[in-house]
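Now for the letters of each chain:
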Amino acid sequence: MDSLQQRSSTVQAPPAAVAYRPTPPPAWQPRTDPAPLLPDASPFRVIGTDAMADADPALLRRLYAELVRGRRYNAQATALTKQGRLAVYPSTTGQEACQVAAAMALEERDWLFPSYRDTLAAVARGLDPVQALTLLRGDWHTGYDPREHRIAPLSTPLATQLPHAVGLAHAARLKGDDVVALALVGDGGTSEGDFHEALNFAAVWQAPVVFLVQNNGFAISVPLAKQTAAPSLAHKAVGYGMPGRLVDGNDAVAVHQVLTEAIARARRGGGPTLVEAITYRIDAHTNADDATRYRGDSEVETWREHDPIRILERDLTERGVLGEDGVREAAEAAETMAAALRERMNADPVLDPMDLFAHVYAEQTAQLREQAAQLRAELDAESEA
């Protein structure tokens, strides 16, 4: 009986009912104050505002010249696809402000991580236009040395370049190198897992990297509204603990200023920034795409009125920063570039089949050496026949 009473006394009565508490316990606190991370309600602009008066005239004229050259580059590359000199070309006509500003905001020691659509950004950074198009010609996987130009290979898979940019930036900081990585991606790429993984790692590590999302409205034929219900893509930054910036992607001056500020912030240890540039792809997704199946001509024409070259040229001429001579010189330089590109791309490349085994490993594996020897024997036999 005593034993039974002893066992019964260990059974506790159920706790008294407590009122439902709709908030977390008092010990919970947000890791980061979200308010400073939120983007502005509307895209940041400089062209057409009083802020243009503070801009460096030399920078403005250089931006204009690069935009004109970029537009001609896009037109020439598109023509080359129709002539069979390129297998495919994803044009950035209408997006030149994002491309040019991205290249010009970087220091020489920094790295650019482009997507397949960002050949113009690579050219604006100083890459030979022919080398920039080598991948799209089908000659090589990459037509340039990434280390020489500090431009990562053009990334055909969506968003896979973003974790690479974070890794390089994080490694540079660990080594003490004063390097920032700028990674470019389209709105379609933000629906890939690589995008979210890259942002999370970048914020946790406070890596010196800047993400530029060129929101051109469509992931091939899929409009942004079918990809996300977020107020903007820039708002996604808050969930990862980094600032989000929203900018008019056709305002080259605004994009350059926002990226310059984000890069400077990353360089001084402030961590990553996500920048969303609102722009528009005037041309089709590629020469293999029929854009009329998913958007109307009136939509395209509306965006032509906000053309990045037109709005900058109008503002600069009204302010007296750009004259007729400057307009003519920019057009002539662009035409000279296009003529040289056309001439060089019309020459058939001389390809060495043995290049298949180059740049795969620093030291070739036994299997690669065996395969290379087999191919060499076949080529020698063919030449002797």
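Up top is the structure these notes are about.
Residues numbered from 1 in each chain as written. Predicted model: local features only at pLDDT ≥ 70, side-chain atom pairs only at ≥ 80, totals over all residues. Heavy atoms only, no water.

> Tell me what's going on with the overall build of the chain, and back it up with residues and numbers.
A count of helices and strands for the chain gives 14 helices and seven strands. The C-alpha radius of gyration of the chain comes to 26 Å, more than 25% above the 21 Å expected for a compact globule of 385 residues. Reported as C-alpha extents along the three principal axes, the dimensions of the chain are approximately 105 × 70 × 50 Å. Looking at the chain as a whole, 44% of its 385 residues qualify as buried. Taking the contacts inside the chain whose residues are at least 6 apart along the sequence as the reference set, 77% of them involve residues at least 24 apart. Of the side chains in the chain, 37 bear a positive and 52 a negative charge, and the two mean positions are spaced by 4 Å. (Helix = DSSP H or I, 4+ residues; strand = E, 2+ residues; numbered from the N terminus. Rg over C-alpha atoms; globule rule 2.2 N^0.38 Å. Buried < 20%, exposed > 50% of the residue type's maximum accessible area, 1.4 Å probe, protein only. Contact = heavy atoms within 4.5 Å. Lys, Arg positive; Asp, Glu negative; His and termini not counted. Charge placed at Lys NZ, Arg CZ, Asp CG, Glu CD.)

> Can you explain the pattern of salt bridges? Please cite residues and give values.
Counted by the stated rule, this structure contains 19 salt bridges. We note a salt bridge from Glu 96 to Arg 71, for which the minimum N-O separation is 2.5 Å. Here the residue Glu 96 occupies a position in helix α3 (residues 96–105), and Arg 71 occupies one in helix α2 (residues 57–82), the gap between them amounting to 25 residues. With its nearest N and O atoms 3.8 Å apart, the salt bridge here joins Arg 267 to Asp 178. Of this pair, Arg 267 sits in helix α10 (residues 252–267) while Asp 178 sits in the loop between α7 (161–175) and β2 (181–186), and the two are 89 residues apart along the sequence. (Salt bridge = Lys/Arg side-chain N within 4 Å of Asp/Glu carboxyl O.)

> Describe in detail the packing of α3 against α10, supporting the description with residues and values.
The relative placement of two packed helices is expressed as an angle between their axes plus a distance between the axes. Between α3 and α10, the least distance of the axes is 9 Å, while the angle of their chain directions is 35°. Between α3 and α10 the crossing geometry is right-handed. Taken together, the residues of α10 that come into contact with α3 (itself represented by Ala 97, Cys 98, Ala 101, Ala 102, Met 104 and Ala 105) are Ala 252, Val 255, His 256, Leu 259, Thr 260 and Ile 263. Partitioning the contact of α3 with α10 into residue classes produces ten nonpolar, two polar and no charged. (Axes fitted to C-alpha atoms, helices over the stretch in contact; angles between N-to-C directions. Left-handed = near helix turned anticlockwise from the far one by under 90°. Nonpolar A, V, L, I, M, F, W, Y, C, P; charged D, E, K, R; others polar.)

> Would you mind going over the sheet that holds strand β3 (residues 209–215) in detail, with residue names and values included?
Two strands in a sheet stick together by hydrogen bonds in their backbones, pointing the same way (parallel) or opposite ways (antiparallel). Read across the sheet, five strands follow the order β1-β2-β3-β7-β6 without closing on themselves; strand pairing throughout is parallel. Strands with a single pairing partner mark the edges of an open sheet, and in this sheet they are β1 (111–113) and β6 (244–248). Averaged over all pairs of adjacent strands, the angle between strand axes in this sheet comes to 20°, irrespective of strand direction. Helix-sheet contacts for helix α8 (residues 193–205) involve β3 and β7 (273–278), and the interaxial angle to β3 is about 150°. (Pairing = 2+ DSSP bridges.)

> Outline the packing of aromatic side chains, supporting the account with residue identities and numerical values.
Given two aromatic rings, their pairing is described by the distance between the two centres and the angle made by the two planes. Applying the stated rule across the entire model yields five aromatic pairs. Above the ring of Phe 44, the side-chain terminus of Arg 245 is found at 5.8 Å from the ring centroid. (Phe/Tyr/Trp six-rings, centres within 6.5 Å; stacked < 30°, edge-to-face > 60°. Lys NZ or Arg CZ within 6 Å of the ring centre and 35° of its normal.)

> Tell me what's going on with the side chain of Thr 93, and back it up with residues and numbers.
Turning to its location among the elements, Thr 93 is positioned in the loop between α2 and α3. Take Thr 93: its relative accessible area is 11%, and that puts it in the buried class. Here the side chain of Thr 93 touches Asp 283 through a polar contact of 3.1 Å, side chain to side chain. Setting aside residues no more than four positions away along its own chain, Thr 93 makes contact with Arg 71, Asn 74, Tyr 280, Arg 281, Ile 282 and Asp 283. (Polar contact = N/O pair within 3.5 Å; in protein donor to acceptor, adjacent residues only side chain to side chain.)

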